[in-house]
Amino acid sequence: MSEFRKNEGMRSQIFTVDQVRIENEMTTSLIMREPLQSEPGQFLLLWLPGIGEKPFSIAGIDPLVVTIADVGKMTHEIHGLKPGDRVWVRGPLGRGYQAYGSEALLVGGGYGASPLLLLAENLISKGINVQVFLGARNKDLLILTDQFKKLPLKLHLTTNDGSAGLQGFVTVPLEAAIQELPDRNQACVYACGPKGMLLGIDALCEKYRIARQLSWEAVMRCGMGLCGNCRIELPDTWQEPADQPGSRRAWLVCRDGPTMFTQ
Amino acid sequence: MNNYPCKLFDQLTLNTPLILASGVSGNSDSLLVRAARSGAAAVTTKGFTLKYRKGADNPVSTDWGCGLITNLGLTNPGVDSMKYMLSAYVEKAGDEAVPVFANIYADTAEEFAELTRKTAALNPVLIEADLPAPDENLASEVTRAVCENAAGIPVSIKISPDCCRISRLAEAIRDGGASAITAVNPIPGMLIDAYAAKPFLSNGTGWISGPALKPIALNVIGELYQAVDLPIIGVGGVMSGLDMAEMLMAGARCVGVGSALYYEGYSAFSRIMNEFSAFMESEGYRDLDEIVGKIWWKS
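A brief structural summary. (Residues numbered from 1 in each chain as written. Chains lettered and ligands numbered in written order. Predicted model: local features only at pLDDT ≥ 70, side-chain atom pairs only at ≥ 80, totals over all residues. Heavy atoms only, no water.)

With that out of the way, let us pick up the side chain of H156(A). Residues and elements named next belong to chain A. Tracing the chain through its elements places H156 in strand β10 (residues 154-159). One polar contact links H156 to Q131, side chain to side chain, over a distance of 2.9 Å. The residues contacting H156, other than those within four sequence positions of it, are Q131, V132, F133, L134 and P173. (Helix = DSSP H or I, 4+ residues; strand = E, 2+ residues; numbered from the N terminus. Polar contact = N/O pair within 3.5 Å; in protein donor to acceptor, adjacent residues only side chain to side chain. Contact = heavy atoms within 4.5 Å.)

This part covers the pairing of strand β12 (residues 187-192) of chain A. Residues and elements named next belong to chain A. The buried count for β12 comes to six of six residues, which makes it a mostly enclosed element. Residues of β12 alternate between two faces, with A187, V189 and A191 on one and C188, Y190 and C192 on the opposite face, all of them buried. When strand β8 (residues 103-109) meets β12, the two strands line up parallel, connected through six bridges. Each residue of the ladder has a partner; that of L106, found in β12, is Y190. Inspection of the sheet shows β12 paired to strand β13 (residues 211-215) by five bridges, in the parallel sense. Across the sheet, the residue bridging to A191 is L214, located in β13. Taken together, β12, helix α5 (residues 195-208) and β13 form a β-α-β motif whose crossover is right-handed. (Buried < 20%, exposed > 50% of the residue type's maximum accessible area, 1.4 Å probe, protein only. Pairing = 2+ DSSP bridges. Right-handed = clockwise from strand over helix to strand, strands pointing away.)

Residue and element names in this part refer to chain A. In space, the seven strands of this open sheet follow the order β11-β10-β9-β8-β12-β13-β16, with mixed pairing throughout. Strands at the two margins of the open sheet, each flanked by one partner only, are β11 (166-167) and β16 (259-262). Strand contacts of helix α2 (residues 114-125): β8, β9 (129-136) and β12, with the helix running at about 170° to β8, the strand carrying the most contacts. (Axes fitted to C-alpha atoms, helices over the stretch in contact; angles between N-to-C directions.)

Attention now goes to the pattern of salt bridges. All told, the structure shown has 26 salt bridges over all chains when counted by the stated rule. The partner of K207(A) in a salt bridge is E175(A), with the nearest N and O atoms 2.9 Å apart. Remark: E175(A) occurs in helix α4 (residues 171-179) and K207(A) occurs in helix α5; sequence separation between them is 32 residues. One salt bridge connects E136(B) with R168(B), and the closest N-O pair in it is separated by 3.7 Å. (Salt bridge = Lys/Arg side-chain N within 4 Å of Asp/Glu carboxyl O.)

Bringing the sheet that holds strand β6 (residues 68-70) of chain B into the picture now. One key point about sheets: their strands pair by backbone hydrogen bonds, in either a parallel or an antiparallel sense. Residue and element names in this part refer to chain B. Here four strands make up an open sheet; going across it, the order is β5-β6-β14-β11 and the pairing antiparallel. Looking at strand neighbours, the two that pair on one side only are β5 (61-63) and β11 (187-190), the edges of this open sheet. Neighbouring strand axes in the sheet, compared pairwise and without regard to direction, differ in orientation by 35° on average. In this sheet, strand β14 (residues 205-209) lies alongside β11 in antiparallel orientation, the contact comprising four bridges. Each bridged residue has a counterpart across the sheet, and for M190 the counterpart in β14 is T205.

All names here are of chain B. Within the largest apolar cluster, 144 residues are counted, with the highest numbers of intra-cluster contacts made by L14, I159 and F276. In terms of residue count, the dominant contributor to this core is helix α9 (residues 268-283) (seven residues). Contacts of F276, omitting those with residues within four sequence positions, involve Y4, P17, G241, M244, A245, L248, L288 and I291. (Core = buried A, V, L, I, M, F, W, Y, C linked by side-chain atoms within 4.5 Å.)

According to the stated counting rule, one finds two cavities of 30 Å³ or more in the structure shown. As for the largest cavity, its lining consists of R11(A), S12(A), T62(B), L191(B), I192(B), D193(B) and F200(B). Tallied by class, residues from the lining of the largest cavity come to three nonpolar, two polar and two charged. The calculated volume of the second largest cavity comes to roughly 30 Å³. (1 Å grid on protein atoms, 1.4 Å probe; cavity = no way out; pocket = protein on both sides within 12 Å on 5 of 7 lines; lining within 4 Å. Points joined across faces, edges and corners; volume = space filled by probe spheres on them. Nonpolar A, V, L, I, M, F, W, Y, C, P; charged D, E, K, R; others polar.)

Following this line, the structure appears as structure tokens:
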């Protein structure tokens with residue numbers, strides 16, 4: 001057989017749904033038959049032909065796991081998928097989390113828990129001590145808690161209404177844990193969630209001079225750094241790299257991120 | 001390092017011949033600032049229309065292997081919002097502001113007339129009008145409508161390569177009063193996923209840009225250069241300093257990059273310019289006049 005140079009760019013690959021795991025009333029995880037090599041914190045674009053394409057976090061890589069809340073037309077269609085159905089995936093895309101230090105504090109707000117599961121597994125395999133803080137408005141909106149409980153880590157839960165774990169924001173037990181760290185220079189906070197939560201965590205980390213990697217959300221269109229739709233402004237605490245002038249005020253979540261590293 | 005200043009018209013000289021092409025990131029003042037600070041000698045806005053356009057649903061683009069395919073459906077907030085974007089750009093860029101080319105799109109000459117009046121009031125250094133179809137009569141009407149309403153601001157007409165009589169089109173644009181021609185727009189194309197048995201883009205078809213477009217652009221630029229004596233803003237698949245030199249030799253006076261920002265990010269500007277300077281020095285060229293259109297010179 002003759003050999004052609006394959007040059008497929010970033011065309012979609014087909015994945016087949018193996019299992020559908022219900023996480024809560026609104027959220028399910030699709031567990032695929034195939035793996036997807038990826039770093040924790042990277043994302044993928046999932047295409048349902050004729051329906052649409054959206055970005056999602058990667059919750060597991062071998063096999064690929066994607067955790068999806070039913071919040072719109074396309075995610076509703078995804079919730080109708082059954083074992084044996086096919087989906088089309090582009091990725092992994094973007095910059096993921098990097099392992100840093102010996103103590104990891106992982107903070108997930110709502111669906112922001114999704115990429116942290118893979119990150120927790122990855123950090124534990126590197127011998128890093130992991131604590132996980134999950135927060136949500138109420139207990140029905142906490143996701144993947146059973147999956148985190150299977151791992152050798154300390155899990156802290158908070159809800160705004162007190163229906164599970166501590167009542168209050170996730171930053172409360174986080175600050176307590178930061179204060180108890182043996183060496184803050186060897187620790188890193190990894191977070192994913194809504195903007196308000198990330199800004200609060202950034203301020204907290206600045207106060208204690210602790211490294212953090214925050215994963216930002218934005219409405220994404222092209223996913224390729226071209227359309228500019230997902231640009232955001234990063235907090236002043238982030239040091240703009242000298243070779244990326246103008247990036248702090250026009251940071252492309254799809255391309256420069258989604259994770260930001262402040263040391 | 002020599003930056004190779006680029007005289008586009010009597011009233012406009014750019015610091016270098018490398019600019020941000022229309023369509024990439026030009027819908028945000030802060031992204032225009034980022035392009036300027038990364039080394040673009042001028043920045044072109046995304047195409048603005050008279051009214052807001054929501055644009056197409058995802059998927060809107062991908063890398064298919066030899067280039068990109070894109071169809072964002074002309075997403076833009078409408079020309080009235082361009083005013084705020086351009087004033088914010090000037091304020092945020094401060095000393096590092098570079099000239100702005102305002103790209104506009106309309107379906108008819110009448111609509112172009114109104115759109116141009118609104119755009120001219122924002123005082124960009126150049127108005128770049130996207131020709132809706134590569135037709136000589138339409139080119140003539142649109143060019144006149146834009147030039148008559150541009151309040152003396154130079155006008156460039158941006159053309160698509162899918163035209164069989166480039167020289168006639170160029171003459172119609174020149175006779176209509178344009179100061180420049182921008183060539184080329186991406187070329188129509190389609191991507192199909194065989195397993196899905198569907199087109200990949202939500203709109204079905206899109207436009208091909210990136211490396212696949214470069215030889216097509218060079219051909220059109222060459223024809224334009226020979227047909228009319230207007231400065232040509234070359235766009236289409238420029239990824240390196242050598243690509244840039246080739247486009248200038250085909251006849252372009254300056255060169256825009258777009259897809260390169262996908263392949264490399266904003267550092268593409270400085271890398272391409274460094275490579276171009278190294279080429280000019282190694283080949284002993286002192287300024288742009290020594291290479292623009294060089295392949296057509298009879299020596």
